[in-house]
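The residues making up each chain are set out below.
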Amino acid sequence: MEKAEREAIMRQGIVLPETPLQRREKAALEEDLHSIPLTGRPLPVRARSFRPSADAYLMATRGPLPYMLRLREIEQRTEAHEGELRLAWNALAEECEGDAARFRRKWRAVAKRTAFDEVNDLIERHNRWYPVESRLPMDPRRGDYALVNGRDYRLAPLDSEWVLERFQPVLEFARQD
């Protein structure tokens, strides 16, 4: 048996005098106990199984998730298309000078030849990947993913019908805008 081990065994149960360092630490702990407002009362219960969300605070601040970035890009490109179409709609209304049939025919032609390839590609990717990226739960009654704010998560692609819904081929409406 080594000397240090033998002395440790022999000192078991012996109370050593308190050192100045130990007295200072004890006084600091007692002071802390008096300054804590919860001393002597049970600690409040914290709910641990909650979902604060905003997608778990942007996945603990690593930034927006891919579907968030994609949705923002879809919104920006759709707004840009709307702005361009509004300008074309108003310009065509001025060009037609009261000829409603000509305006209707020309506006339908503009709507048919307008291309939305980039936005529609983003919309298609959104429709494919949104449920996975957002961890959308399944709805067993529908046999499909749950509704988002009461609506289906899928976005409709932009086409000539979308153009004609927003900017009707009616000359009077174009002049009022």
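Given the structure is predicted, the values throughout are model-derived calculations rather than measurements.

Observations concerning the overall build of the protein
Turning to step 1, where the next piece is worked out: Scanning the protein from terminus to terminus reveals eight helices and two strands.
Turning to step 2, where the next piece is worked out: Walking the protein from its N terminus toward its C terminus, one meets helices and strands in the order α-α-α-α-α-α-β-β-α-α.
Turning to step 3, where the next piece is worked out: Since a compact globule built from 177 residues should have a radius of gyration of about 16 Å, the 35 Å found for the protein marks it as more spread out than a globular shape.
Turning to step 4, where the next piece is worked out: A principal-axis box enclosing the C-alpha atoms of the protein has dimensions of 110 × 35 × 35 Å.
Turning to step 5, where the next piece is worked out: For the protein, with 177 residues in total, the buried portion stands at 21%.
Turning to step 6, where the next piece is worked out: Restricting to contacts in the protein with at least 6 residues of sequence separation, those with at least 24 account for 68%.
Turning to step 7, where the next piece is worked out: On the protein, roughly 14,100 Å² of surface is accessible, and the fraction owed to carbon and sulfur atoms is 53%.
Turning to step 8, where the next piece is worked out: Within the protein, the 31 negative side-chain charges are centred at a point lying 3 Å from the centre of the 31 positive side-chain charges.

Some words on the confidence of the model for the protein
Turning to step 1, where the next piece is worked out: When pLDDT is averaged along the protein, the result is 85, and 90% of the positions lie at 70 or above.
Turning to step 2, where the next piece is worked out: No element of the protein has a lower mean pLDDT than helix 3 (residues 54–61), which averages 57, and none a higher one than helix 7 (residues 160–166), which averages 94.

Digging into the pattern of salt bridges
Turning to step 1, where the next piece is worked out: Throughout the structure, instances matching the rule amount to 13 salt bridges.
Turning to step 2, where the next piece is worked out: In this structure, the salt-bridge partner of Arg11 is Glu7, at a minimum N-O distance of 3.7 Å.
Turning to step 3, where the next piece is worked out: Residue Glu7 is classed as partly exposed on the basis of its relative accessible area of 34%.
Turning to step 4, where the next piece is worked out: Its salt-bridge partner being Asp144, residue Arg154 comes within 3.1 Å of it at the nearest N-O pair. Here Arg154 is found in the loop between strand 2 (144–145) and helix 7, whereas its partner Asp144 is found in strand 2, with ten residues between them in sequence.
Turning to step 5, where the next piece is worked out: Looking at Arg154, the relative accessible area reads 37%, which means it is partly exposed.
Turning to step 6, where the next piece is worked out: We classify Asp144 as buried; its relative accessible area is 19%.
Turning to step 7, where the next piece is worked out: Salt bridges sharing partners connect three or more residues here, namely Arg142, Asp144, Asp152 and Arg154.

As for a nonpolar patch on the surface
Turning to step 1, where the next piece is worked out: Taken together, the side chains of Ile36, Leu38 and Leu43 define a hydrophobic patch exposed on the protein surface, amounting to about 290 Å² of accessible area.
Turning to step 2, where the next piece is worked out: Positionally, Leu43 belongs in the loop between helix 2 (20–35) and helix 3.

Some points on unusual backbone geometry
Turning to step 1, where the next piece is worked out: Residue Glu97 is not a glycine yet carries a positive backbone phi of 45°.
Turning to step 2, where the next piece is worked out: In this fold, Glu97 is placed in the loop between helix 4 (66–96) and helix 5 (100–113).
Turning to step 3, where the next piece is worked out: One non-glycine residue, Arg135, lies in positive phi territory at about 55°.
Turning to step 4, where the next piece is worked out: With respect to the helices and strands, Arg135 occurs in the loop between helix 6 (117–133) and strand 1 (138–139).
Turning to step 5, where the next piece is worked out: Classification of Arg135 by relative accessible area gives exposed; the value is 62%.

Here we look at the environment of Phe173
Turning to step 1, where the next piece is worked out: Here Phe173 shows up in helix 8 (residues 171–176).
Turning to step 2, where the next piece is worked out: The exposure class assigned to Phe173 is partly exposed, which follows from its relative accessible area of 40%.
Turning to step 3, where the next piece is worked out: The contacts of Phe173, once residues within four sequence positions are left out, are Trp89 and Gln168.

A word on helix 6
Turning to step 1, where the next piece is worked out: In this model helix 6 runs 23 Å from its N-terminal to its C-terminal C-alpha over 17 residues, within 8% of the 24 Å that 1.5 Å per residue would give.
Turning to step 2, where the next piece is worked out: Where helix 6 bends most, at Asn127, the angle is about 40°, and the proline Pro131 comes one to four residues later.
Turning to step 3, where the next piece is worked out: As for helix 6, its buried residues are in contact with helix 4 and strand 2.
Turning to step 4, where the next piece is worked out: Once helix 6 ends, the next one or two residues include Arg135, with phi positive near 55°.

Procedures and definitions
- Residues numbered from 1 in each chain as written.
- Predicted model: local features only at pLDDT ≥ 70, side-chain atom pairs only at ≥ 80, totals over all residues.
- Heavy atoms only, no water.
- Helix = DSSP H or I, 4+ residues; strand = E, 2+ residues; numbered from the N terminus.
- Rg over C-alpha atoms; globule rule 2.2 N^0.38 Å.
- Buried < 20%, exposed > 50% of the residue type's maximum accessible area, 1.4 Å probe, protein only.
- Contact = heavy atoms within 4.5 Å.
- Areas by Shrake-Rupley, 256 points an atom, 1.4 Å probe, with all protein chains shown as cover.
- Lys, Arg positive; Asp, Glu negative; His and termini not counted.
- Charge placed at Lys NZ, Arg CZ, Asp CG, Glu CD.
- pLDDT = per-residue confidence, 0-100.
- Salt bridge = Lys/Arg side-chain N within 4 Å of Asp/Glu carboxyl O.
- Patch = residues over 30% accessible without salt bridge, like charges linked within 9 Å, V, L, I, M, F, W, Y side chains within 5 Å.
- Expected span 1.5 Å × (residues − 1).
- Bend = angle between axes of the 7 residues up to and from the residue.

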